[in-house]
Amino acid sequence: MTTSNPVTLSIEGMTCASCVGRVDRGLKTVEGLADVSVNLASETARFTAGTPAQVAQAAQKLDDLGYPARRQTVTLNVSEMTCASCVGRVDRALAAVPGVIEVNVNLAAETARVAYLEGATDPTALMRVAQEAGYPATLAEATATMDRAARKEEEASGLRRRVIFAAALALPVFLMEMGGHMIPAVHHAIAMTIGQQTSWLIQFVLTTAVLIGPGRQFYLKGIPALLKGAPDMNSLVAVGTGAAYLYSLVATFLPALLPDAVRAVYFEAAAVIVVLILIGRWLEARAKGRTGAAIQKLLGLQAHTARVLKDGEPVEVDIASLRAGDLIVVRPGDRIAVDGEVTEGESHVDESMITGEPVPVTKGAGDHVTGGTVNGAGSLTFRATRVGTDTVLAQIIRMVEDAQGAKLPIQGMVDRITLWFVPAVMGVALLTVLVWLIFGPAPVLTNALVAGVSVLIIACPCAMGLATPTSIMVGTGRAAEMGVLFRKGDALQELGTVGVVALDKTGTVTEGRPELTDLILAEGFDRANVLALIAAVEARSEHPIAEAIVRGARAEGLRAGDISEFTSITGYGVRAMVDGHEVLVGADRLMTREGVDANALAAAETELARRGRTALFAAIDGRIAAVIGVADPVKPASRAAIAALHALGLKVAMITGDKRETAEAIARETGIDHVIAGVLPDGKVAALDDLRQHGKVAFTGDGINDAPALAHADVGIAIGTGTDVAIESADVVLMSGDLRGVVNAFAVSRATMRNIKQNLGWAFGYNIALIPVAAGVLFPAFGVLLSPVLAAGAMALSSVFVLTNALRLRRLSPEMDETVPQPTRAPVPAPAE
């Protein structure tokens, strides 16, 4: 496809004339680009390109130069797609638009997600291209899922009315023709009363009404597609029923053109085929409406109004008008409207829709609340911090929609096959007719027609197109209800190939809320003075271990001194000046780096680590002062979750910056197979590479320092109670705070992929088995020739089977139910000093 119009791209990062020069020179090196013009004021690059591929090359050149073209993503609701062939045509039409980077068309969701270069095209142009391809498109909005459910319900209702009307017309046709063949008395009664010719005339009138009424959609869509050289499922039905109808017209009105031996009508085949296919589409529309049930539930959790304080009085407003900073009053039993921070009041809030935990959480001043959760018996006032599309619930809905619209690698195979499937079927049908005409027994023409029409009707690619996306939609939706969010759809397939699950320790295997258990002093140091100095330094750190030390000092009533020159040394520890003393707190490698002799407390540190404590050294004014023991309790569910991962055939490893002795103590307690200890944050990436010798690796973590490992792993799984950075780096997000969600993620992945393979096996197996039967392969041995009516019934049932099988995933039970409390490990008492 060529384009004579100039292309304008919106450019990021240009700040000066030098930038403009670099962009201009870079674009001029791209073969095929002409009239290059770069504008700093509008931050655009304008050029003429001969093909869409050259536009893509220009975008790649801009990326290489460090001035990327801005990207946008739009989701379109695409109507009138009925099979995998339709998906292929929409995909190719949109992909041919200059500036389009990626297209993902979903038959089950009836959407197209298009990533494009801003300026090169726009949603209006994309909708026009879809319309020109024969598939009207509209922009999907935030309420698209609700709209889609209502649309599918309306579509199903309309199809139901057409089915009833078509069936009422087709039933007399079927009874007169097939009744006469199967029951001699019926044939005799017709001959003695109205006569065969009158019977055929009545059948003609009723069948014509079926075809131009409920069945006209097949001809209005199928014939133009056939004439364009891009036949689809409608084309198969139109040609098949049209052939039977035209043959019957000749037999009825021009009988002299046919020998007596082959003079017969097939009005009942044309009419009943239309009825059966409409029934299949009606059931399909009903089933499609249920595939998005999970998102509908999530949307149903959103509050519609909120009570905002204005001039000290609560005023009920629409949720769309809320702004960050508004003070919102929540009455007992109300659903919390948006995310925020409590400023006044105390209550218990049911957060099970987010965390899966059944126990309400106490909320008071300073605590965070999440939109969509339900307030208990108390009253709260909170300040809105995230509204609209920024709320946690809105992000969850967006993640689920993105995952449901994903195209898995396995879908690529289906797409390649369906590109040539319908033309191949039409070729097979033509070949079938020719073979019957040449080699078939009498009546040759009748048998050739029956076999050819049966091949066309039975070989519908609907089931192929629905096999993967319906399972993805239902599977990811069910996963969301379990608290497992697939941020990237391909992680659903990738998880099934993972052999090793690597876990971060702090906050993932353990609670992430350590407690100070030991403070062993070097000779000549006072406990209160040393702990106060250490706590003053650690008060500047956000690390959980630092918070444990600060809490321990407060519990002993110690006052923190004045601090200055605080420095955090990544992977080692911290340094600061406190009340004129230089204080170092960190691992033994920090002491080594700073030249502090820690030998006096080395044995004590080793013993603490052996007992599962995290051990840190403290030095004051260059002298070793103390070794600190901090215990981070293992989460109650960790051991059971790791056992469940083993039961799934997975190896489990733990990667931690802690000492080996500490890590191995936790590994013994939880059943972890492999421990990689003492690694710095950047060392986690290298550790994942080492683990890959055992297979693909999934990494689970929750902290900022886990983000590189989450991004580097084959599948990154973020604990949802962790940091935003970790969540943004992950492929899968667990809304709960423990490892049971990891087990459920694997269970959903395996169940969904198994479901997809069942669907694909059925869809392909159905066609491989029944196309030869329809062509008449059983006739020489058994005298069996498949009726076009039976072919239509089988085809309709094929799609219904696929959808029904996918909907079984809605009943998928969690591998580990997160609403069931896990046994709590008894705390380990601190040893006497």
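To keep things clear, this report deals only with the structure shown in the data block. This is a predicted model, so every value here is computed, not measured.

1. Regarding the pairing of strand 21 (residues 573-578)
Item 1. In this structure, strand 20 (residues 563-569) lies alongside strand 21, joined through 5 bridges in antiparallel fashion. Bridge pairing links Ser568 to Val574 in strand 21.
Item 2. The turn linking strand 20 back onto strand 21 is made up of 3 residues, and Gly571 within it adopts a positive phi angle of 85 degrees.
Item 3. Bridge analysis of strand 21 against strand 22 (residues 581-586) gives 6 bridges, and the strand direction is antiparallel. Across the sheet, Ala576 pairs through a bridge with Val583, a residue of strand 22.
Item 4. The hairpin formed by strand 21 and strand 22 contains 2 residues between the paired strands, and Asp579 there has a positive phi angle of roughly 50 degrees.

2. Details of the sheet that holds strand 1 (residues 7-10)
Item 1. With respect to topology, 3 strands assemble into an open sheet ordered 1-3-2, the strand pairing being antiparallel. Two strands lie at the open edges of the sheet, namely strand 1 and strand 2 (34-39), each paired on one side alone. Between one strand axis and the next, the sheet turns through 15 degrees on average, direction left out of account.

3. What to know about the packing of aromatic side chains
Item 1. Per the counting criterion, the structure on display carries 8 aromatic pairs.
Item 2. Note that Arg589 overlies the ring of Tyr572, its terminal NZ or CZ placed 6.0 Å from the centroid.
Item 3. Sitting over the face of the ring of Tyr572, Arg593 holds its NZ or CZ atom 5.2 Å from the ring centroid.

4. Digging into the pattern of salt bridges
Item 1. Tallied over the entire structure, the rule returns 20 salt bridges.
Item 2. With a closest N to O distance of 2.8 Å, Arg71 and Asp63 form a salt bridge.
Item 3. On the basis of relative accessible area, Arg71 is assigned to the partly exposed category, the value being 35%.
Item 4. Residue class for Asp63 comes out partly exposed when judged on its relative accessible area of 30%.
Item 5. Across the salt bridge formed by Arg660 and Glu664, the nearest N and O atoms sit 3.0 Å from each other. With Arg660 and Glu664 both in helix 24 (residues 660-670), this residue pair falls 4 residues apart, about one helical turn.
Item 6. It is possible to trace a salt-bridge network through shared partners that takes in Asp518, Glu607, Arg610, Arg611 and Arg613.

Rules behind the numbers
- Counting starts from 1 at the beginning of each chain's written sequence and moves along it residue by residue.
- Residue-level local features of this predicted model are given only where pLDDT is at least 70; pairs of side-chain atoms are given and counted only at 80 or more, and the full residue set underlies all totals for whole chains, interfaces and linings.
- Side-chain measures here rest on the full set of heavy atoms in the structure, leaving out hydrogens and waters.
- DSSP calls a pair of strands paired once it identifies at least 2 bridges connecting them.
- Per the convention used, a helix needs a DSSP run of H or I reaching at least four residues, while a strand needs a run of E reaching at least two, with both numbered from the N terminus.
- Each axis is a line fitted through C-alpha atoms, and for a helix only the stretch in contact is used; angles between axes span 0 to 180 degrees, taken between their N-to-C directions.
- Each aromatic pair joins two rings of Phe, Tyr and Trp (for Trp, the six-membered one) with centres within 6.5 Å, and gets the label stacked for planes under 30 degrees apart, edge-to-face for over 60, and tilted for any other angle.
- The criterion is that NZ of a Lys, or CZ of an Arg, lies within 6 Å of the ring centre and within 35 degrees of the ring normal, and then a charge sits over that ring.
- Salt bridge criterion: a side-chain nitrogen from Lys or Arg within 4 Å of a carboxyl oxygen from Asp or Glu.
- Buried, partly exposed and exposed residues are distinguished by accessible area as a fraction of the type maximum, computed with a 1.4 Å probe on protein chains only: under 20%, between the cut-offs, and over 50%, respectively.

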